[in-house]
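A look at the structure
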Amino acid sequence: MPEQRKSFHHELDEIRDDLVRLGALVGELIPRGTEILLANDMSGAQRLIEDDDILDELSLRIEEKCYHVLALQQPMASDLRAIVTAMWMTSELERSGDLMVNVAKGARRIYGVELAPRLRGLIERMSEEACRLMKLAIDAYAECNASLGVAIADIDDQLDLIHGDYIEAIFETHASSNVGLQPSVQLALIGRYYERIGDHAVNIGQRVQYMATGWMPEHTGVARLQARRAFADAHVDDEFGAA
Amino acid sequence: MLVLLVALAAAMAGSIATALVCRSMARRTTRRRVESIVARCDVDTAGSAEIEDPFLVLDRSVRALLEVRQAAGIDAQRLRDAFDGVPHAVLVFGPDGAVVDANVAATPFLQARHGDALVGAAVEALVAEAAGTGSATTTIELFGPPRRVVEVVAVRIGDADVAPDATGVVATVGDVTDRRHLEEVRTDLVANLSHELKTPVGAICLLAETIDGDLDREDLERLTRRINQEAMRLAATVDDLLDLSRIESIGGHGGGTVDLAEVVAEVVDRLGQAARRAGVEVHVDPITSACIVSGDHVQLVSAVANLVDNAIKYSDAGSCVHIAAGVVEHEARIVVTDEGIGIPSRDMDRIFERFYRVDQARSRETGGSGLGLAIVRHVVTNHDGRLDVRSRLGEGSTFTMSLPTGVAEASTPKEVDLSSSVGTA
């Protein structure tokens, strides 16, 4: 039995290490994709799109390991939450990698468009914030730090603010006819990709909170709904009682 | 009675003899065992084993063994310290592929996160490869931040025929960012230098050929004006190159006393016309403290002029360039802040290289030789100072030149608050 547990915990450690590695790959893709976008680097864009396959392979491997542990070890309590969290996180990280692929494809679509320095600066800032959030989410997971995990939602506000400024800057450059409608839409989408990476980091933070405490922010909503239903039921009973 | 006594005496003698024989046998056995232990100890006890008490020999052997162990401990500690002192990360893997030892520099790669986790993964893959092939190498480019290039080398160690348990793979991880950077600087310098010198020469040749044809006066004037512009551009590049070469060869400053307020005033006076032409306002914050440094007036004027010139060139019309000077913690600082186009973060480390251009396409619009910031850096180095830059694309840049106040004790200048405008690299 102890040998079996040792193997089980070894498998859990492996899943955690692989997830940290997947997070590191996503963390690298963010500044890399931004550099490609700002430098109009078409061969870099192609390489990045191809390198996303590495992320896909690793995320599939993690998922398979999770299924293996679920099927053969039947984990319980915190171990079960760790496996479920790993499965959720794999999907969040894999999706974040796809968003950077979208940035690289966006760079192809706006090839040749000269971006105003202000837009370039805001893209750099969104990229830095998205990268910071993703690294914090991975730190929270590796340390099983629920407080840090839940704080990421507030830290993400900064990225949302920069994204707002960025959209305004796109309107301004479009209005001054420096950038056409089509590239402007592409640029807005690119901004959205960074903003979505921030949201994925927030989701990871919430999943870490669930892994550590068993509680999710949605639980508050569920409790509220149950209270409303209980109140409605009681009200109906009163009406019938009065009748 | 007598028979009884004789029998008793015989029995006693027999017992004593037996006891003596047993004791002698026990002593021989003990001696043999002690000698065997001493032999196993593999220490030098020559000349003593035969004649002395075996326990004395054993005692001496144990002492000798302890001395050997202590010496081995010192050797092991020295090796450990040397292992930890190696700046490269060194990881030793056992025959099963698990880490058996790692030095201090390798700590970040164990249980690593972010970029280091990727280096750790590369090390694992290389170790598996080197276990089969004997050695393996790879280079990993990490976008960070900070951006870095890491080289991983794995080599198989030990002989499976001699000691199978002592076999394994040793892997080293070294940061080769600076080496890679130097290689880039070297290759780019030649390309950029030939570009900067050949472009105006090519233009002059082409314009001169055109003039050779049949042209009206208006075209002729336009072409000669262009030739003149290109010649001026070439002359400016050569002048800057000579300036840079002179500043480099001096390798220090004259040791004169320079008032930075005078330097700033001279620069503003010199560049006032260029600023007005560009529609940029140059604003000098009132200099309230004595900013006296030990240095070379001409070099410092050249450095500050380059910073202000860049600030004007890369600012839009209607914006403002701020110049502030003051003393902070026994350092005289000149801070030049603009609201211009800013510098991309990926170029921040390279802007002080000769002829390096953030945007080659813009270089002809803005003029200049591409040597300005290289000159600034050398002047600051000659004055034992520091140059910090903080910039954001589309928002502007802040260059801070910090110089030691060579006469700080004599004049004890009043410290001013420049913290709001001081940037960091």
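Quick summary incoming for the structure in this document. (Residues numbered from 1 in each chain as written. Chains lettered and ligands numbered in written order. Predicted model: local features only at pLDDT ≥ 70, side-chain atom pairs only at ≥ 80, totals over all residues. Heavy atoms only, no water.)

A short note on the interface of chain A and chain B
Listed by partner, the interface residues are 24 residues for chain A and 22 residues for chain B. Taking both sides of the interface into account, the surface hidden between chain A and chain B amounts to around 2,200 Å²; carbon and sulfur atoms contribute 52%. Per-residue buried area on chain A facing chain B is highest for Arg21, Glu28 and Glu35 of chain A; these three make up 26% of the total on that side. A salt bridge links glutamate 35 of chain A to arginine 147 of chain B; the nearest nitrogen and oxygen atoms lie 2.5 Å apart. If you look at where chain A meets chain B, you find twelve residue pairs in polar contact (both at pLDDT 80 or more). If you list the elements that add at least two residues to the side of chain A that touches chain B, you get helix H1 (2–39) and helix H4 (117–143) of chain A. The leading source of residues in the side of chain A that touches chain B is H4 of chain A, at 13 residues. Here the side of chain A that touches chain B is composed, by residue class, of nine nonpolar, two polar and 13 charged. (Contact = heavy atoms within 4.5 Å. Buried area = accessible area lost by both parts, 1.4 Å probe. Salt bridge = Lys/Arg side-chain N within 4 Å of Asp/Glu carboxyl O. Polar contact = N/O pair within 3.5 Å; in protein donor to acceptor, adjacent residues only side chain to side chain. Helix = DSSP H or I, 4+ residues; strand = E, 2+ residues; numbered from the N terminus. Nonpolar A, V, L, I, M, F, W, Y, C, P; charged D, E, K, R; others polar.)

Quick word on the sheet that holds strand E4 (residues 148–157) of chain B
Residues and elements named next belong to chain B. Spatially, five strands are ordered E2-E1-E5-E4-E3 in an open sheet, and the strand pairing comes out antiparallel. The strands lining the two open edges of the sheet, one partner per strand, are strand E2 (99–102) and strand E3 (135–142). Across the sheet, the mean angle separating the axes of adjacent strands is 20 degrees when strand polarity is ignored. Judged from the five bridges that link them, strand E1 (residues 89–93) and strand E5 (residues 168–175) form a sheet pairing that is antiparallel. Pairing of valine 92 across the sheet is with valine 170, part of E5. The strands that helix H2 (residues 54–85) touches are E1 and E2; relative to E2, the one it contacts most, it runs at about 85 degrees. Lying over the sheet, helix H4 (residues 177–211) contacts E3, E4 and E5, oriented at roughly 120 degrees with respect to E4. (Pairing = 2+ DSSP bridges. Axes fitted to C-alpha atoms, helices over the stretch in contact; angles between N-to-C directions.)

Overview of the packing of H4 of chain A against helix H6 (residues 181–213) of chain A
Residues and elements named next belong to chain A. Where H4 contacts H6, the axes come no closer than 9 Å and their chain directions differ by 15 degrees. Looking at the two axes, H4 sits roughly parallel to H6. The way H4 lies across H6 gives a crossing that is left-handed. Residues Leu119, Ile123, Met126, Ser127, Ala130, Leu133, Met134, Ala137, Ala140 and Tyr141 of H4 lie in contact with H6, whose contacting residues are Leu187, Gly191, Tyr194, Ile197, Gly198, Ala201, Ile204, Val208 and Met211. Partitioned by chemical class, the residues of the contact of H4 with H6 number 16 nonpolar, three polar and no charged. (Parallel < 35°, antiparallel > 145°, perpendicular 65-115°, else oblique. Left-handed = near helix turned anticlockwise from the far one by under 90°.)

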